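Chain residues, written in single-letter form:
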Amino acid sequence: MTSDHIAEHGDSPDTAEMLTLIVEVGNALNRSSYPVPRITQVIHDICTAYGHDIATQVFANYIIALDESAGRVRMANTGSMYRFDQIAEAEALVHRLREAGVPIGQAIDEFGAIADSRPPVNPLVRGVGYALMALGFAFCFRMSAAATVAAVLVSIPAATILLWSNVKGALAALMPVLLTFLSALVITLWAVHGGLPDPVRLAVIPVVTLIPGAALATALIEITAGDMIAGTTRLAYSLVVLLSMAFGLALAIDIVGLTSADLQDLTSSQAPSWVLWPAAPIFGLGTMLYFCTPRRLWLWVLALTVGTFWLNHFLVNAISSAFAGGVAIGTALLVAWTINAYAKGRPSVLAVFLPSFWLIVPGSMGFVAVSGAITADHQLDSLGTNAALSVLSIAISMMIASVIAPFITRQHWPTTWKLLNTR
């Protein structure tokens, strides 16, 4: 973009201001769980559009911007993950910046406003959304009526804690393991004294969205694109969170003293099959309310969530559940990219895809198996093998989806195609 085009927006080519903008862009995209190679390419496009030559180094949790000619540098650590409404607003602003369609100073202010924006729905509505997620997930596992009520009731205090705005820093980092432990402790005690079946699977339901789906998906895309530092760092973080949640689950099991029979999956005969029909729509609606998904994306989210759920359901009848979950998730990711490339308004890949990820992955990865391995319950060895196969299946399927995506979205993502083919 020429300097004349920049000038008509009232901007001067000030290096300090541009460095600040680049750091804001990188921070916003990092908080939106964009893969690092994609962030790097977007920043390059913006610098080209505004006529600046700025070197950047993007990592999973911070960004450095450097103008060598002026001897100036800016850096910033990445904050917490954005809500879905913030992700959509950040992506829309980035699309305008890639065409130099916003004055630099105005763009910086808009990024600040996005970061500081309050949720567009009140905490009560978000809490209802969280409870709906628990209800939908209980239907997916065909929990008994008593178990379904327990899942919804336990999800209410979990939602209250997560919506507490003062939970930050080290305490926020401990939330996955603490909430998983507390949820499991309440459920397992309820199971011992109230006779709830399959308490381990039930205990995961109130904390399902704490599974780092965005980080795991992004890590696998980064590894496929050849960015090993960002990919392996993010993948290690995701696995630590998953294992810490499993540890909290296993600790609660050990404290209460459940037998190995209590750890087995007893859900298949607990509820009639008709409960599967409303399961995915209820879960999808819950995620949209809790994560403040923009209404223009609601139909896309519901369609992909329902489609992924039933694809997985039908695949389980044909192949092992360890592989069915991987194929379903890989397909969902590919469809989300296609929607982003061709649908009006470029719907956010993350906002459209994550509900499907959360709906399928917890069951496929088998927290029952992981907790059983931690508690040295050797009767769960076969489940442990199934969980390991599920993890590999999901990882490989998502990697394949990230390789196929440039073929489908090639005219919209030529830079991604070029990036993947020069590795």
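To keep things clear, this report deals only with the structure shown in the data block. Since we're looking at a predicted model, the values are computed, not measured.

### A closer look at the pairing of strand β3 (residues 72-77)
In the case of a regular strand, side chains alternate between the two sheet surfaces.
Link 1 in the chain: Judged from the six bridges that link them, strand β2 (residues 62-67) and β3 form a sheet pairing that is antiparallel. If you follow I64 over to β3, its bridge partner there is M75.

### Quick look at the nonpolar core
Link 1 in the chain: Grouped together as the largest cluster of nonpolar side chains are 117 residues, with contacts concentrated most on V25, L97 and F357.
Link 2 in the chain: Beyond its immediate chain neighbours, meaning those up to four positions away, V25 contacts V42, I43, I46, V94, L97 and F111.

### Quick word on the pairing of strand β1 (residues 55-58)
Link 1 in the chain: Two strands pair when backbone bridges link them, and β1 and β2 are joined in this way by four bridges, in the antiparallel orientation. Across the sheet, residue A55 finds its bridge partner in β2, namely L66.
Link 2 in the chain: The turn linking β1 back onto β2 is made up of three residues.

### Looking at the packing of helix α6 (residues 123-140) against helix α7 (residues 145-162)
Helix packing for two helices is described by the angle between their axes and how far apart those axes are.
Link 1 in the chain: Contact geometry of α6 with α7 gives a least axis separation of 8 Å together with a crossing angle of 145 degrees. Crossing hand, α6 versus α7: right-handed. Contacts between α6 and α7 involve G127, Y130, A131, A134, L135, A138 and F139 from the first element and T148, A151, V152, S155, A158, A159 and L162 from the second.
Link 2 in the chain: Considered class by class, the residues forming the contact of α6 with α7 number eleven nonpolar, three polar and no charged.

### Considerations on the environment of V177
Link 1 in the chain: Position of V177 among the secondary structure elements: in helix α8 (residues 169-194).
Link 2 in the chain: Using a relative accessible area of 19% as the deciding quantity, one classes V177 as buried.
Link 3 in the chain: Sequence spacing of V177 and L210 is 33 residues, and the spatial spacing of their C-alpha atoms is 9.2 Å.
Link 4 in the chain: With near-sequence residues (within four places) excluded, V177 lies in contact with S244 and G248.

### Section: helix α14 (residues 298-316)
Link 1 in the chain: In this model α14 runs 27 Å from its N-terminal to its C-terminal C-alpha over 19 residues, within 8% of the 27 Å that 1.5 Å per residue would give.
Link 2 in the chain: Taken residue by residue, α14 has V301, L304, T305, T308, F309, W310, N312 and L315 as its buried positions.

### Quick look at the sheet that holds β1
Link 1 in the chain: Here three strands make up an open sheet; going across it, the order is β1-β2-β3 and the pairing antiparallel. Looking at the sheet topology across the chains shown, the edges are occupied by β1 and β3. Mean inter-strand twist for the sheet, computed between neighbouring axes without regard to direction, equals 10 degrees.
Link 2 in the chain: On top of the sheet, helix α3 (residues 36-50) reaches β1 and β2; it is set at about 160 degrees to β1, its chief contact.

What counts and what doesn't
Counting from 1, residues in each chain are numbered in the order their sequence is written. Thresholds applied to this predicted model are a pLDDT of at least 70 for local features of residues and 80 or more for the giving and counting of side-chain atom pairs; totals over whole chains, interfaces and linings are not thresholded and use all residues. Side-chain measures were taken over the full set of non-hydrogen atoms in the model, leaving aside hydrogen atoms and water. Here a strand pair is declared whenever DSSP counts at least two bridges between the two strands. Every helix listed is a DSSP run of H or I at least four residues long, and every strand listed is a run of E at least two residues long, numbered separately from the N terminus. Here, the term nonpolar core denotes a set of buried Ala, Val, Leu, Ile, Met, Phe, Trp, Tyr and Cys residues that are joined through side-chain atoms within 4.5 Å. Only protein chains enter the area calculation, which uses a 1.4 Å probe; residues under 20% of their type maximum are buried, those over 50% are exposed, and those in between are partly exposed. Should any heavy atoms of two residues lie within 4.5 Å, those residues are counted as being in contact. Note on geometry: axes are C-alpha line fits, over the in-contact stretch for helices, and angles between N-to-C directions span 0 to 180 degrees. Put simply, a crossing is left-handed when the front helix is turned counterclockwise from the back one by less than a right angle, and right-handed when it is turned clockwise. For this classification, Asp, Glu, Lys and Arg are treated as charged, while Ala, Val, Leu, Ile, Met, Phe, Trp, Tyr, Cys and Pro are nonpolar and the rest, including Gly, are polar. Each residue after the first adds 1.5 Å to the expected span of a helix.

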